[in-house]
Amino acid sequence: MKQIKLFDPVIDQREVKKVVKTLKSGFWASGSGGGQVHEFEKKFKKFVNSKSCVSVNCGTAALHLAATLCDIKGKEVILPSLSFVSTAHAIMYNGGTPVFVDVDPHTLCIDPVEIKKKISKRTRCIIPVHFGGMPADIKRIKKLSNSNIMIIEDAAHACGSEFNGKKIGSHSDLVCFSFHPVKNLAMPTGGLISINNTNYKKMTDNLKSGRWCGISNRKYTDYDVNKIGWNFYMNEFSAAIGLAQLEKIQKMNNKRKSIAKIYEKELNVSRKIPFTKMCVYHLYWICVKNRKFFRKKLLEKGIETGTHYKPIHQMSLYKKSIKLPITEKIAKEIVTVPIHPNLTQSQIDYIVKIINKFS
Ligand SMILES: Cc1ncc(COP(=O)(O)O)c(C=O)c1O
């Protein structure tokens, strides 16, 4: 039997045609050539309904650049420890201090009550992560912020998720997406910053210059550089694939939601991600007591699983003598199981049967 993958991008002739067209165009980088990057930004802005969108080459770069706009050097930034390490790296790249807080045990998103306890005079920013695509409570988090505290949402898992009837990407100052191949909207590599701050025009210019070596005031072949920048721009192939993916993101997310609904009803496990239509289920997590045994059995039965994530505060670079009881407990029990749109009904039934047998 063919192994059931944990992640699997959905591709069809749309992607093939766009990639070949880009290949033949000879314009592979960003810029005026094929115009795919610009087109992707335009369409994504419409999709999330934000003030501006700036694409980059990965979610890590999106977080890194977004944090350059928040003046965090020597300041504290509050974030969950249960995330991919890039969430914390973005703070370190910019000379800030990560302050890890615990998560809500039901959603595994950052807990606003815990945030409140950690806010200090040095707090400059809060980075909620929409864990698995489940929207963090940005309304409550916004109430905790003030003119000195900005919000950067880490929406790497949340392309298409909604909060309060509006797409993630349309709420906070800066919202960062990842289009890594495992993500709901897949590219070879890619990321994007969606901006809603009133200062969005200046922020857009800053991010555009930051993503390409600090270049500004470009007029034909002339340009200026008045600050340091990086080589973070999105390439035309990624944007072309992203445009094909954007055409079917709603359909792909709906399939994920329909699988989540089945898992919600059928899986007999002690704890699992709740069901809500606001979530796009990038990850479907469950908790099991004997994780090593469980994962081994599933692998033997042809089902790939994952563990998202080892908490960041337990990594050598970030090791701190802090206690985050919920994060630490969940991290020992969490298992992510396949929920991608390529799953067939018989594979879904099989996954349910095998999980219930060994959990
Ligand atoms: C929560 C979170 N933040 C940031 C990132 C970084 O995105 P990328 O891999 O595109 O750099 C990821 C990627 O896995 C992620 O899961």
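Scroll up for the structure.
Residues numbered from 1 in each chain as written. Predicted model: local features only at pLDDT ≥ 70, side-chain atom pairs only at ≥ 80, totals over all residues. Heavy atoms only, no water.

Draft legend 1. Broad picture of the pattern of salt bridges. Following the criterion strictly, the structure yields 17 salt bridges and no others. One salt bridge in this structure joins glutamate 76 and arginine 122, with 3.3 Å as the shortest N-O distance. In this pair, glutamate 76 sits in strand β2 (residues 76–80) while arginine 122 sits in the loop between α5 (112–118) and β4 (123–126), placing the two residues 46 residues apart along the sequence. Residue classification places glutamate 76 among the buried positions, given a relative accessible area of 15%. A residue is classified by how much of its surface remains accessible, and arginine 122, at 40% relative accessible area, is partly exposed. As a salt-bridge pair, lysine 329 and glutamate 333 come within 3.4 Å of each other at their nearest N and O atoms. Of this pair, lysine 329 and glutamate 333 both sit in helix α10 (residues 325–333), four residues apart, which is roughly one turn of that helix. Among the residues examined, glutamate 333 registers a relative accessible area of 11% and is labelled buried. Bridged by salt links that share partners, the residues Asp12, Arg14, Glu15, Glu247 and Lys248 form one connected network. (Salt bridge = Lys/Arg side-chain N within 4 Å of Asp/Glu carboxyl O. Helix = DSSP H or I, 4+ residues; strand = E, 2+ residues; numbered from the N terminus. Buried < 20%, exposed > 50% of the residue type's maximum accessible area, 1.4 Å probe, protein only.)

Draft legend 2. Region of interest: the site of the ligand. Around the ligand sit 17 residues in total, of which Gly59, Thr60, Asp154, Ser178 and Lys183 are the nearest. Measuring from an oxygen atom of the ligand, one finds a side-chain N or O atom of serine 178 at 2.7 Å. Lysine 183 is positioned such that a nitrogen or oxygen atom in its side chain is 2.8 Å from an oxygen atom of the ligand. When the free accessible area of the ligand is taken as 390 Å², the share hidden by the protein chains comes to 91%. Taken together, the elements giving at least two residues each to the shell around the ligand come down to α3 (59–68) and α4 (86–93). It is α3 that provides the largest number of residues to the shell around the ligand, a total of three residues. The class makeup of the residues in the shell around the ligand is six nonpolar, nine polar and two charged. (Near = heavy atom within 4 Å. Polar contact = N/O pair within 3.5 Å; in protein donor to acceptor, adjacent residues only side chain to side chain. Areas by Shrake-Rupley, 256 points an atom, 1.4 Å probe, with all protein chains shown as cover. Nonpolar A, V, L, I, M, F, W, Y, C, P; charged D, E, K, R; others polar.)

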